[in-house]
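# Remarks on the overall topology
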Amino acid sequence: MFRAGLGNVLKQASNIDFIIVDDLTRLYRPLTKSFLEGYVNQILELNKVKILTVKSGMIDVSKFNDSLISTLQARINDNQIAIQRKKSMDGLKKLKNSGIICNGAKMYGIKYLGNRKIEVNQDEATVIKYVFEQIANYAPYTKIIQEVNTQFKSVLKNTFWQSSLYHIASQPIYAGYQYNSDGQLIKNIQITGQEIIRFELWQTVQKIMENKRREPSK
């Protein structure tokens, strides 16, 4: 269902002798607690289909030695992937805790320049300022949304929705802060000198929005 190419190959299992791949991991990448490897091998064995790899030669999954070697290689690859994944996650965590956004700064009004540098879009910054100021003045959300869609139509890439308002209002990066891996607010070093709003304004807006969420529906 998720790998249409592999599914189409397996449907042809009764009509073919070989599946040709660059490496066994291109056919399937065995992962811990995954049944894909056993499922594919069972189909190949029942239909007497062999795997022909460019890098390792022929693999006959019906033979014990071939099956054992491919299984061991798969487990080694799986372990290496797990090690690399952990290293990557540790590296991202270290960057995040040092005040650097690691996701390419994918948020409204912020442009990622590469090399861990970000830039504020000044036109979109006017929308961000307006949203924060209006919420701080207790303007109704529906009115803010309508005004943004009317006044800043030329700046918006898409229609401004209530979800857009919540997304902007919740971002501490506009005030020069971000969350670390423990969920604590820390200074972001990439936006220093480009802050769009004051941190006090951001805090005020968080309190207002939190109180609104607690109010019962009328």
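Structure: see above.
Keep in mind the model is a prediction, meaning the values are calculated, not measured.

Pairing is mixed in the open sheet, where three strands are placed in the order β1-β2-β3. Either end of the sheet is taken by a strand with one partner, and the two such strands are β1 (18-21) and β3 (57-59). Ignoring strand direction, the axes of neighbouring strands in this sheet form an average angle of 25°. One ladder, built from three bridges, connects strand β2 (residues 50-53) with β3; its direction is antiparallel. Across the sheet, the residue bridging to T53 is G57, located in β3.

Here N149 lies in helix α6 (residues 141-151). Separated by 21 residues in sequence, N149 and S170 have C-alpha atoms that sit 19 Å apart. For N149, the contacting residues outside a window of four places in its chain are L156, T159 and F160. For N149, the side chain forms a polar contact with the main-chain nitrogen of F160, separated by 2.8 Å.

Let's shift gears to the pattern of salt bridges. The final tally for this structure, using the stated rule, is four salt bridges. For D22, the salt bridge is made with K55, and the minimal N-O distance between the two is 3.5 Å. Pair noted here: D22 is in the loop between β1 and α2 (24-27) and K55 is in the loop between β2 and β3, with a separation of 33 residues, a long-range link. The exposed category is assigned to K55, whose relative accessible area is 60%. One salt bridge connects K86 with D90, and the closest N-O pair in it is separated by 3.0 Å. One end of the pair is K86 and the other is D90, both in helix α4 (residues 64-97) and four residues apart, which spans about a single turn. On the accessibility criterion, D90 (40% relative accessible area) is partly exposed.

One non-glycine residue with positive phi stands out, namely N115, at about 55°. With respect to the helices and strands, the residue N115 is situated in the loop between β4 (110-114) and β5 (117-120). The backbone of R116 sits at a positive phi, close to 65°, despite the residue not being glycine.

Turning our eyes to something else, we now look at the side chain of Q190. Structurally, Q190 can be placed in the loop between β7 (185-187) and α8 (199-214). Among the polar contacts listed, one links the side chain of Q190 to the backbone nitrogen of I101, at a separation of 2.6 Å. Among the polar contacts made by the side chain of Q190, one reaches the main-chain carbonyl oxygen of R116 at a distance of 2.8 Å. Each residue touching Q190, except ones within four places of it in the same chain, is listed here: G99, I100, I101, R116, K117, I118 and Q178.

What follows deals with the side chain of N180. When you line up the elements, N180 lands in the loop between β6 (177-179) and β7. A relative accessible area of 10% means that N180 is categorised as buried. For N180, the side chain forms a polar contact with the main-chain nitrogen of D182, separated by 2.9 Å. With near-sequence residues (within four places) excluded, N180 lies in contact with K96, N97 and I186.

Within the secondary structure, H167 is located in helix α7 (residues 162-169). By relative accessible area, H167 is classed as partly exposed at 34%. Leaving out residues up to four positions away in the same chain, H167 has contacts with M107 and Y108.

The next subject is the packing of aromatic side chains. On inspection of all chains with the given rule, the structure shows five aromatic pairs. Pairing Y177 with F199 gives two aromatic rings, centres 4.1 Å apart and planes at 25°, and the pair type is stacked. Here the residue Y177 occupies a position in strand β6, and F199 occupies one in helix α8, the gap between them amounting to 22 residues. For F199, a relative accessible area of 18% translates into the label buried.

The rules behind each value
- Residues numbered from 1 in each chain as written.
- Predicted model: local features only at pLDDT ≥ 70, side-chain atom pairs only at ≥ 80, totals over all residues.
- Heavy atoms only, no water.
- Pairing = 2+ DSSP bridges.
- Helix = DSSP H or I, 4+ residues; strand = E, 2+ residues; numbered from the N terminus.
- Axes fitted to C-alpha atoms, helices over the stretch in contact; angles between N-to-C directions.
- Contact = heavy atoms within 4.5 Å.
- Polar contact = N/O pair within 3.5 Å; in protein donor to acceptor, adjacent residues only side chain to side chain.
- Salt bridge = Lys/Arg side-chain N within 4 Å of Asp/Glu carboxyl O.
- Buried < 20%, exposed > 50% of the residue type's maximum accessible area, 1.4 Å probe, protein only.
- Phe/Tyr/Trp six-rings, centres within 6.5 Å; stacked < 30°, edge-to-face > 60°.

It is worth stressing that arrangement in space is one thing and function is another; only the former is reported here.
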